[in-house]
Amino acid sequence: MVEKIITLENMSLVDFLGPDNQNIRQLAAAFPGSKIISRGNEIKIQGQTEVIARINDLLSSLIEHYHQYGQITDKTVNQYLSATSEEAEGRVLAASPDVILFGAKGGVIKAKTPNQQKLVDTVMAHDLTFTLGPAGTGKTYISVALAVRALKNKEVKKIIISRPVVEAGESLGFLPGDMKDKVDPYLRPIYDALEDMIPAEKLKFYQENKIIEIAPLAYMRGRTLNNAFVLLDEAQNTTPSQIKMFLTRMGPTAKVMVNGDRSQIDLPTRQKSGLMQALDILRNVQGIGYVEMTSEDVVRHRLVKDIVEAYDQYDNEEMNRQALQNGSGPRRDERHERRLREQQEASLGLLPEPELPVNQEQPL
């Protein structure tokens, strides 16, 4: 027997479970070979893998129904039990305008800041959207949520998510395992987001059937990405040729998002970021959406916002300092500055006079 636990969040348990847990009892009666137990805000399912997957789908649909209508009745449970699997999969309820998606555990996923809402609106209005912003602003999470919503609403047939495989300032050396084992650590943030939004069994089904593809950017060459929601994450680490290759994969019915953070470029020092170049080249192309996130959109720990602002202030001060140096005449290197300082100190008697080289005669 396999066991799965579903946590109910942000809901009234009485309204969802029904008086004396009658809704759960009704669901359990439809699957006599399994056990469905409600304890507190958790529902434990025990049974065969196929049955658990079906019960999990039903519970996910009921959770979505609850968030839309605020209550589950025995009639509601009957309607979902009598629906075929295809009907249940296609039943995506019209949520309130600010709700993007209901998560795998019933939580509401929605825009939390004005710029996040602007991102949602921009993606709805454009087939290609560029999003820039610092860490913690929800670029990846909101993008993945929009992709999952498009898939559930049958607006697209598949989701393709990619990112360049670039080490962040350190060399990890040889990584054991096959290709998937080697690249999965770089794609972990995307897996984390998907696991929040899609039940584990359903996510596994989607990946095994190539309905959701998560792959390094190098795997995109030569493909035409059609009837798909396509996301390129961490695009600041693409080279100019890579991002051109990616953007030209776009099929006639594709929805494409490109996310990046100009403050976290991990490319070699002399390598130009493809994202930064693309923004310059495409700035006059009509039909492309642009969204700029700021530190005000950070939704992680409160310190992340302060950290981002502190680094922004440092970068601005550094740029101003360099501009002043460059504007005051030829820039003097550090050695020249040090020689001038030593000469000044010597003239004040703070340093001994420099010794002559040993092979030079000294006057008597």
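This text gives an overview of the structure that appears in the document.

Conventions used here
- Residues numbered from 1 in each chain as written.
- Predicted model: local features only at pLDDT ≥ 70, side-chain atom pairs only at ≥ 80, totals over all residues.
- Heavy atoms only, no water.
- Phe/Tyr/Trp six-rings, centres within 6.5 Å; stacked < 30°, edge-to-face > 60°.
- Helix = DSSP H or I, 4+ residues; strand = E, 2+ residues; numbered from the N terminus.
- Buried < 20%, exposed > 50% of the residue type's maximum accessible area, 1.4 Å probe, protein only.
- Salt bridge = Lys/Arg side-chain N within 4 Å of Asp/Glu carboxyl O.

It is worth spelling out the packing of aromatic side chains at this point. By the definition in use, this model includes three aromatic pairs. Between Phe16 and Tyr66, the aromatic rings sit 6.1 Å apart at their centres with planes inclined by 85 degrees, giving edge-to-face as the arrangement. Residue Phe16 is located in helix α1 (residues 13-17), and its partner Tyr66 is located in helix α3 (residues 49-69); the two are separated by 50 residues in the primary sequence. Judged by its relative accessible area of 2%, Phe16 is buried. A relative accessible area of 9% places Tyr66 in the buried class. Seen in terms of ring centroids, Phe205 and Tyr206 are 6.1 Å apart; in terms of plane orientation they differ by 55 degrees. Their pairing is tilted. A relative accessible area of 41% means that Phe205 is categorised as partly exposed.

In this section: the pattern of salt bridges. The full count for this structure, using the stated rule, is eleven salt bridges. The salt bridge partner of Lys158 is Glu213, with a shortest N-O separation of 2.7 Å. One end of the pair, Lys158, is in strand β7 (residues 158-163); the other, Glu213, is in strand β8 (residues 212-216), with 55 residues separating them in the sequence. Since its relative accessible area comes to 21%, Lys158 is described here as partly exposed. The partner of Arg163 in a salt bridge is Glu234, with the nearest N and O atoms 3.4 Å apart. Here Arg163, found in strand β7, pairs with Glu234, found in the loop between β9 (228-232) and α10 (240-247); they are 71 residues apart in sequence, far enough to count as distant. Arg163 sits in the buried class, given a relative accessible area of 10%. The structure contains a network of salt bridges with shared partners spanning Lys158, Glu213 and Arg223.

Note that every value here comes from positions in space, so none of it alone points to a role or purpose.
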